[in-house]
Amino acid sequence: MWCVVPAAGRGLRVGGDRPKQYLPIAGRLLIEHTLDRLARHPGIAGLMVVLSPGDELWPGLSSLRGKPVQTTAGGAERCDSVLAGLRALSPGVGEAEHVLVHDAARPCVRLDDISRLIELAGAGEGGLLGAPLRDTLKRADEVGRSALTEPRDRRWRAFTPQMFRRGALSEALREASRRGVTVSDEAMAMELAGHAPLLVEGAEDNIKVTTAADFALAEFLLGRTAPADEE
Ligand SMILES: Nc1ccn([C@@H]2O[C@H](COP(=O)(O)OP(=O)(O)OP(=O)(O)O)[C@@H](O)[C@H]2O)c(=O)n1
Ligand SMILES: C[C@](O)(CO)[C@H](O)COP(=O)(O)O
């Protein structure tokens, strides 16, 4: 199974001097941690990394742990980049084949969580890693005060990887674009297309490095010896 890795963002919320995927964490680039983690999974056959057009920082990887690493140019939004990645996959990756999509900004994903996603969501319409909300959820008013406590039951945080069949996901992303909807993840596009992606609970340390503060946590998590239950 191939994995599309959206890595064409600008990392504005980090505010660094370069896109966050090219900032160092624990002695390596953020993107290198993520790609190496993905390449270690036995179920992943290759990586399609989606880069910003004109990206001059990409280290030029063509293989990792014996698996092919290909690249293509992304678009203005993450969903545009994911669609570009799906389009760039070889015709040898059939329309009915499942494809994983995983953020370059999520370097701590656990291999056993990827395995569980593939096992549980592979038989159906696809699915995604996530975790049930464990904190009370507040809706803020215009001046940052708690205006409302939102219901928490059956609310989940969505992570990546998300896994869907190449053709169905491509069509769902195209349809969302035609309807002028900028989807924030693949599952949203699939929901709009009438599918019901399976939610597969994964470890909450599968953080998305989004702000400067996340780098310290990611560095700690990456510095751990692999959890005993991880492949
Ligand atoms: N047009 C875009 C925007 C985002 N991404 C990727 O999607 C993932 C999740 O996006 P996010 O965390 O929002 O990254 P950025 O868009 O870079 O962050 P910011 O919004 O702070 O600029 C990242 O790996 C990012 O590189 C992408 O491939 N193409
Ligand atoms: C895809 C995602 O990581 C799921 O939580 C998230 O939607 C990405 O959001 P971003 O604003 O593009 O980082």
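Definitions and cut-offs
Residues numbered from 1 in each chain as written. Chains lettered and ligands numbered in written order. Predicted model: local features only at pLDDT ≥ 70, side-chain atom pairs only at ≥ 80, totals over all residues. Heavy atoms only, no water. Near = heavy atom within 4 Å. Polar contact = N/O pair within 3.5 Å; in protein donor to acceptor, adjacent residues only side chain to side chain. Areas by Shrake-Rupley, 256 points an atom, 1.4 Å probe, with all protein chains shown as cover. 1 Å grid on protein atoms, 1.4 Å probe; cavity = no way out; pocket = protein on both sides within 12 Å on 5 of 7 lines; lining within 4 Å. Sits in = over half its atoms within 2 Å of the grid points. Helix = DSSP H or I, 4+ residues; strand = E, 2+ residues; numbered from the N terminus. Nonpolar A, V, L, I, M, F, W, Y, C, P; charged D, E, K, R; others polar. Pairing = 2+ DSSP bridges. Contact = heavy atoms within 4.5 Å. Axes fitted to C-alpha atoms, helices over the stretch in contact; angles between N-to-C directions. Core = buried A, V, L, I, M, F, W, Y, C linked by side-chain atoms within 4.5 Å. Buried < 20%, exposed > 50% of the residue type's maximum accessible area, 1.4 Å probe, protein only.

1. Side note on the site of ligand 1
The immediate surroundings of ligand 1 are formed by 18 residues, with Gly11, Leu12, Arg13, Lys20 and Ser81 found nearest. Between ligand 1 and the protein, one listed contact pairs an oxygen atom with a backbone N or O atom of proline 6 at 2.8 Å. Taking glycine 11, its main chain carries an N or O atom lying 2.7 Å from an oxygen atom of ligand 1. Out of a free accessible area of 560 Å², ligand 1 has 87% covered by protein chains. Among the cavities detected, the one that contains ligand 1 is the largest pocket. Of all the secondary-structure elements, those providing two or more residues to the shell around ligand 1 are strand S1 (2-7) and helix H2 (78-88). Partitioned by chemical class, the residues of the shell around ligand 1 number seven nonpolar, four polar and seven charged.

2. Quick notes on the sheet that holds strand S12 (residues 198-201)
Reading across from one edge, S5-S6-S4-S1-S7-S11-S8-S12 is the order of the eight strands in this open sheet, with mixed pairing throughout. Two strands close off the open sheet at either side, each with one partner strand: strand S5 (63-64) and S12. In this structure, strand S7 (residues 98-101) lies alongside strand S11 (residues 156-165), joined through four bridges in antiparallel fashion. Across the sheet, the residue bridging to valine 99 is phenylalanine 164, located in S11. Against the sheet, helix H4 (residues 166-178) engages S7 and S11, with an angle of about 120° to S11.

3. Concerning the site of ligand 2
If you check the shell around ligand 2, you find Arg13, Arg78, Asp103, Arg106, Ala158, Thr160, Ser184, Asp185 and Lys208 and nothing else. Between an oxygen atom of ligand 2 and a side-chain N or O atom of arginine 13, the distance comes to 3.2 Å. Burial of ligand 2 by the protein amounts to 73% of the accessible area it has alone, namely 360 Å². If you map ligand 2 onto the pockets, it falls in the largest pocket. Here the residues of the shell around ligand 2 sort into one nonpolar, two polar and six charged.

4. Some remarks on the nonpolar core
Counting residues in hydrophobic clusters, the biggest one holds 27 residues, and the most contacted among them are Ile31, Leu35, Leu47, Val49 and Trp58. Going through the elements one at a time, S1, helix H1 (30-39), strand S4 (46-51), helix H3 (111-121), strand S8 (127-132) and S11 are the ones with two or more residues in this core. Discounting chain neighbours no more than four positions away, the residues touching isoleucine 31 are Ala7, Gln21, Tyr22, Val49, Trp58 and Ala104. Membership of the second largest hydrophobic core comes to 22 residues, among which are Leu83, Val99, Ala189 and Met190.

That is the geometry; function is a separate question.
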